[in-house]
Amino acid sequence: MIRTLLALTVLTTPAPAAQDLQWTACPGDTKSELECADLPVAIAPGSDRKLTLKVARLPATGEKKGTVMINFGGPQGDQIAIMRSWAKIFTKIRQSMDVVTWDPRGYPGLSEPVLQCDWGPLRTPAFPDDQAGLDRLAAANKARGDRCRSTDPELFDHMDSASDARDAEAVRRALGEDRMNFIGTSYGGTIAQAYARQFPDRVRTMYVDGTGNHSTRNWERELTAIARDHERLMDRFFAWAPKGTERRWRELVARAGKEPIPAPKVKARYDGTQLRFLAVQKGKRGPAEWDALLAAIKAAEGGDASGFAPRGPDPYPALMGGGVKECLDFPRPDSQRKLARTVKRLRKVAPSMGAAFPLAWHAPLTCAGWPAQVANPPSPLPGKLPPMLGAGTWLDYAPTSRVVEQVKGSRMIKFDGPGHNLFAAMANACVIDHVSAYVTTRKLPPRNIECA
């Protein structure tokens, strides 16, 4: 059964005067324009215990008229280091605004304390064949989570995106801003959505880019939508590839589902779900990788799936971060029967890709049995938000639009191409111009706008 919790209560608080933040050079940084300050925040609502957020800003280069807050995603730490590396994308915004970020609670970075956990890649397990298999996964996940939780149980239980949003609100209050401009890219968009749900009256503008829809009433329906998003991505590849490639692909994954196909060059064997996931990793990079994907399919048909191996030392699908935040943000299964029913449905609506994406595969299987309840489940955005702006690439546009379209008057920027995170990682000049205008003047681009 999928666990659910009541939607978070909307919080409204008066805007206090700015705290006396002591801005100095960031630790280990004597050359950039970044300034850092420490901000004590409550570790949990109602708790007297504090943790220390390290907050950083790029000061406005002209007359300051406000502040833009950004989280680049991950969802790990090092937000300050990322902003230092990508400072140029804020040139136009900084003509009239400070740009602020913070290293998130618990993760390795400049905020304290840090959970002592394994923050490296976590391999995605295979779907269990029965309840006993899911129970074994749950027991292993609980043991892994318990090791992490034992270092600081209170912090561990409050690592969800709603807690990050409360930290962002503490930053806003410390800055003395009546309302905040929030940019959330990738997983940072999940934090932005959590902020919008809790503090809608404190949002001046909100831009999300390449984010998942954490604002749905029906998580199973959202999984179906994500499966179709991935299927459309592969449809682009099949339209480019020689006639019959789609049929050959489905035959290949069906064969791998019965007997994993060896990948001798990396000493691995890939089942059908793993092949689907690895194919998307190549396919989403666009035509530059499509010849390699086509060659990998042909070689796998001959019995060698080495061409699907991911970059890096681990030949199997894996995700970074240990799932500490994700396991508190997303529903998780406790019944193999219902999990199998979901997988069957997704394979029916998306025959080429099925359930081979993180929120249907990695998250459920690595979060089952987690030693902390889901604290921040998906739930709709409130109706009183100002118009939002979003953007997305081939794979990102649809889920991001499902967030933005909930708010009347909002706009989406479309990018007809591969990639992820148009504003920051891709530094798309057209997107940067529209985002800069939006957060500084609240001017939205025209409907159906596209950036090349």
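What you see is a predicted model; the values in this text were computed from it and never measured.

Observations regarding the state of the cysteines
Alright, step 1. The tally for this structure, following the rule as stated, stands at four disulfides.
Alright, step 2. Two residues share a disulfide in this structure: C117 and C148, whose sulfurs sit 1.7 Å from each other. As the torsion about the S-S bond is roughly 55°, the C117-C148 disulfide counts as right-handed. With C117 in the loop between β5 (98-102) and β6 (122-123) and C148 in helix α2 (residues 131-149), this pair connects stretches of sequence that are 31 residues apart. Neither C117 nor C148 differs from the other in exposure class; each is buried.
Alright, step 3. There is a disulfide in this structure between C327 and C367, and the S-S distance comes to 2.0 Å. Where C327 bonds to C367 through sulfur, the torsion about that S-S bond is close to -85°, and the disulfide is left-handed. Taken together, the positions of C327 in helix α10 (residues 326-329) and C367 in helix α12 (residues 362-367) put the pair 40 residues apart, joining distant regions of the chain.
Alright, step 4. With relative accessibility at 0%, the residue C327 sits in the buried group.
Alright, step 5. Sequence-ordered numbering of the disulfide-bonded cysteines in the protein chain gives the connectivity 1-2, 3-4, 5-6, 7-8.

Some words on the pattern of salt bridges
Alright, step 1. What the rule picks out here adds up to 27 salt bridges.
Alright, step 2. Two residues, R57 and D98, come together in a salt bridge whose shortest N-O distance is 3.8 Å. You can see R57 sitting in strand β3 (residues 50-58) and its partner D98 sitting in strand β5, a full 41 residues away along the chain.
Alright, step 3. The residue E246 makes a salt bridge to R250 at a minimum N-O spacing of 2.6 Å. Separated by four residues within a single helix, E246 and R250 lie in helix α7 (residues 245-258), roughly one turn from each other.
Alright, step 4. Accessibility expressed as a relative area gives 32% for R250, which makes it partly exposed.
Alright, step 5. Within this structure, E222, D229, R232 and R402 form a network of salt bridges that share partners.

A look at helix α4 (residues 161-175)
Count 3.6 residues to each turn of an α-helix, and residues three or four apart come out pointing the same way.
Alright, step 1. Over its 15 residues, α4 extends 21 Å from the first C-alpha to the last, a length consistent with the 21 Å expected when each residue adds 1.5 Å.
Alright, step 2. Capping the start of α4, D160 holds a side-chain oxygen 3.1 Å from the backbone nitrogen of A162, two or three residues further along.
Alright, step 3. Where α4 ends, the next residue or the one after it, G176, has phi of about 75°, a positive value.

Describing the pairing of strand β8 (residues 203-209)
Alright, step 1. With seven of seven residues buried, β8 lies mostly within the body of the structure.
Alright, step 2. With six bridges joining them, strand β7 (residues 180-185) and β8 adopt parallel strand pairing. Each bridged residue has a counterpart across the sheet, and for N181 the counterpart in β8 is T205.
Alright, step 3. In terms of strand pairing, β8 meets strand β12 (residues 389-392) through three bridges, oriented parallel. Looking at β12, one finds that V208 is bridged to G390.

What to know about the confidence of the model for the protein chain
Alright, step 1. Chain-level statistics for the protein chain give a pLDDT mean of 94 and a share of 96% at 70 or above.
Alright, step 2. In this model residues 1-17 is a low-confidence stretch, pLDDT under 50, and it forms 41 contacts with partners more than four residues away in sequence or in other chains.

Describing the packing of helix α6 (residues 219-240) against helix α9 (residues 287-301)
In helix packing, the relevant descriptors are the interaxial angle and the interaxial distance, both defined with respect to the helix axes.
Alright, step 1. Axis separation between α6 and α9 bottoms out at 11 Å; the angle between their running directions is 85°. Between α6 and α9, the interaxial angle falls into the category roughly perpendicular. The segment α6 lies against α9, with M234, R236, F237 and W240 engaging W290, D291, L293, L294 and I297.
Alright, step 2. Of the residues assigned to the contact of α6 with α9, the class counts are seven nonpolar, no polar and two charged.

Brief notes about the packing of aromatic side chains
Alright, step 1. Applying the stated criterion across every chain, the model contains 19 aromatic pairs.
Alright, step 2. Geometrically, the ring pair formed by Y107 and W119 is tilted, given 4.7 Å between the ring centres and 50° between the ring planes. Of this pair, Y107 sits in the loop between β5 and β6 while W119 is found in the loop between β5 and β6, placing the two residues 12 residues apart along the sequence.
Alright, step 3. By relative accessible area, which is 1% here, Y107 ends up buried.
Alright, step 4. Note on W119: relative accessible area 14%, which makes it buried.
Alright, step 5. Seen from their ring centres, Y270 and Y316 are 5.8 Å apart, and the 80° between their planes marks the pair as edge-to-face.

Overview of the environment of P333
Alright, step 1. Looking at the element boundaries, P333 is found in the loop between α10 and α11 (336-349).
Alright, step 2. With 180 residues separating them in the primary sequence, P333 and P153 have C-alpha atoms 23 Å apart.

Considering the nonpolar core
Alright, step 1. Core analysis: the biggest nonpolar cluster contains 50 residues, and L115, F182, Y195 and M206 have the highest contact counts within it.
Alright, step 2. Among the elements that make up this core, the one with the highest residue count is α4 (six residues).
Alright, step 3. Two domains each provide a minimum of three residues to this core, namely domain 1 (24-115 + 156-215 + 379-441) and domain 2 (219-367).
Alright, step 4. Counting 49 residues, the second largest nonpolar core, distinct from the first, contains L293, A305, F357 and W361.

Points about the environment of M97
Alright, step 1. For M97, the location among the structural elements is in the loop between α1 (79-85) and β5.
Alright, step 2. For M97 and W219, which are 122 residues apart along the polypeptide, the C-alpha to C-alpha distance reads 37 Å.
Alright, step 3. What M97 contacts, discounting residues up to four positions off in sequence, is L58, P59, A60, G66, T67, V68, N181, R204, V439 and T440.

Details of the side chain of D329
Alright, step 1. Here D329 shows up in helix α10.
Alright, step 2. The side chain of D329 sits in the buried core without any salt bridge; K325 is the nearest counter-charge, 5.9 Å away.
Alright, step 3. Polar contacts involving the side chain of D329 include one to the side chain of S161, which spans 2.6 Å.
Alright, step 4. Of the polar contacts made by the side chain of D329, one reaches the side chain of Y187; its length is 2.7 Å.
Alright, step 5. The residues contacting D329, other than those within four sequence positions of it, are D160, S161, Y187, T190, H214, V374, N376, P377 and P378.

Rules used throughout
Residues numbered from 1 in each chain as written. Predicted model: local features only at pLDDT ≥ 70, side-chain atom pairs only at ≥ 80, totals over all residues. Heavy atoms only, no water. Disulfide = S-S within 2.5 Å. Helix = DSSP H or I, 4+ residues; strand = E, 2+ residues; numbered from the N terminus. Buried < 20%, exposed > 50% of the residue type's maximum accessible area, 1.4 Å probe, protein only. Salt bridge = Lys/Arg side-chain N within 4 Å of Asp/Glu carboxyl O. Expected span 1.5 Å × (residues − 1). Polar contact = N/O pair within 3.5 Å; in protein donor to acceptor, adjacent residues only side chain to side chain. Pairing = 2+ DSSP bridges. pLDDT = per-residue confidence, 0-100. Contact = heavy atoms within 4.5 Å. Axes fitted to C-alpha atoms, helices over the stretch in contact; angles between N-to-C directions. Parallel < 35°, antiparallel > 145°, perpendicular 65-115°, else oblique. Nonpolar A, V, L, I, M, F, W, Y, C, P; charged D, E, K, R; others polar. Phe/Tyr/Trp six-rings, centres within 6.5 Å; stacked < 30°, edge-to-face > 60°. Core = buried A, V, L, I, M, F, W, Y, C linked by side-chain atoms within 4.5 Å. Domains from an automatic or database assignment. Lys, Arg positive; Asp, Glu negative; His and termini not counted.

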